[in-house]
Amino acid sequence: MVDVARGFLLSPPSGGSFRFDAGTLCLELLLTGGPGELARWESLYAPADLVEWAGRSRLPDGLAPRVVPAEVTAARALRDAVYRLASARIHDREPDAADLATVDAAAAQPPPVPRFGPAGTRAWAPGATGAQLLSAVARDALDLFTGPYADRIRECGADDCQLVFVDASRPGRRRWCSMERCGNRHKVRAHRSRRPEEAEGDG
């Protein structure tokens, strides 16, 4: 389910940091790596890595998942399937049946158990399994790819950025992973490209 309440603070190798909001839980999982050339960003190696990601994600606090190594492998498989499905949607290709089946299989598992937290807020019963965590991600993916925001899945417009997000803006014109990073870099480049023309016009 699309939710714009949170975001990840990313620190690219080029320096600096910026806040990135993927717009939905399943696309947040893509920040841990992915297939092909995205494998260089791999960060899911051990159960603690998946637990850490869950704590940073938009899932309500208190989940405290108990993850075993096999569930880390399953998390990588689910993540890669979600990425390929998103890429297929963005580039108007047919989704791969194997990727759909991977998401279906994860979604078929019981999800985490919700409960009321302090002051009536939404929380989780602590101690969920890794499979329950992945079920929440997969169900979110099903909601995204079959729901009203399916046509709002975007890839950042910068040539050197592959971050994927849901454009939940009212006009539906979001182009960049973050105006703070790629949007600003585009504005700087556009300004620099205009300067010679402006100087020529002044002469």
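Throughout what follows, the structure given in this document is the object of discussion.

So, about the layout of surface pockets. The volume enclosed by the largest pocket comes to roughly 870 Å³. Around the largest pocket, the lining comprises 34 residues; the ones closest to its centre are Leu10, Leu30, Leu31, Trp41 and Leu163.

If you check helix α3 (residues 69-90), its first and last C-alpha atoms are 32 Å apart, about what 22 residues at 1.5 Å a residue would give, namely 32 Å. Positive backbone phi, approximately 60°, marks Asp92, located one or two places after α3.

Taken N-terminus to C-terminus, the directions of α3 and helix α5 (residues 130-146) make an angle of 5°; their axes are 10 Å apart at the nearest point. Considering the angle they form, α3 stands roughly parallel to α5. Contacts between α3 and α5 involve Glu71, Ala74, Ala75, Leu78, Val82, Leu85, Ala86 and Arg89 from the former and Gly130, Ala131, Leu134, Val137, Ala138, Ala141 and Phe145 from the latter.

What follows deals with the environment of Leu31. Within the fold, Leu31 resides in the loop between α1 (25-28) and α2 (47-56). As a C-alpha pair, Leu31 and Ser43 span twelve residues in sequence and 8.6 Å in three-dimensional space. Once you skip the residues sitting within four places of it in the chain, Leu31 turns out to touch Phe8, Leu10, Phe20 and Leu163.

Thresholds, definitions, all that
- In this numbering scheme, every chain counts its residues from 1 along its sequence in written order.
- Whole-chain, interface and lining totals are the exception, using all residues; otherwise, since this is a predicted model, local features are given only for residues with pLDDT of at least 70 and side-chain atom pairs are given and counted only at 80 or more.
- The basis for every side-chain value is the complete set of non-hydrogen atoms in the structure, without hydrogens or water.
- Cavities and pockets are found on a 1 Å grid laid over the protein atoms alone: a cavity is a set of points where a 1.4 Å probe fits but cannot escape, a pocket is an open set with protein on both sides within 12 Å along at least five of seven lines, and a lining residue has an atom within 4 Å of such a point.
- Grid points are joined across faces, edges and corners, and a volume is the space filled by probe spheres set on the points.
- By definition, any uninterrupted DSSP run of H or I lasting at least four residues is a helix, any uninterrupted run of E lasting at least two residues is a strand, and each is numbered from the N terminus.
- Any helix carries an expected span of 1.5 Å times its number of residues minus one.
- A fitted line through C-alpha atoms represents every axis, and for helices the fit uses only the stretch in contact; the resulting angles, taken between N-to-C directions, go from 0 to 180 degrees.
- Here the word oblique covers every angle except those under 35 degrees (roughly parallel), over 145 (roughly antiparallel) and from 65 to 115 (roughly perpendicular).
- By definition, residues are in contact when any of their heavy atoms lie within 4.5 Å.

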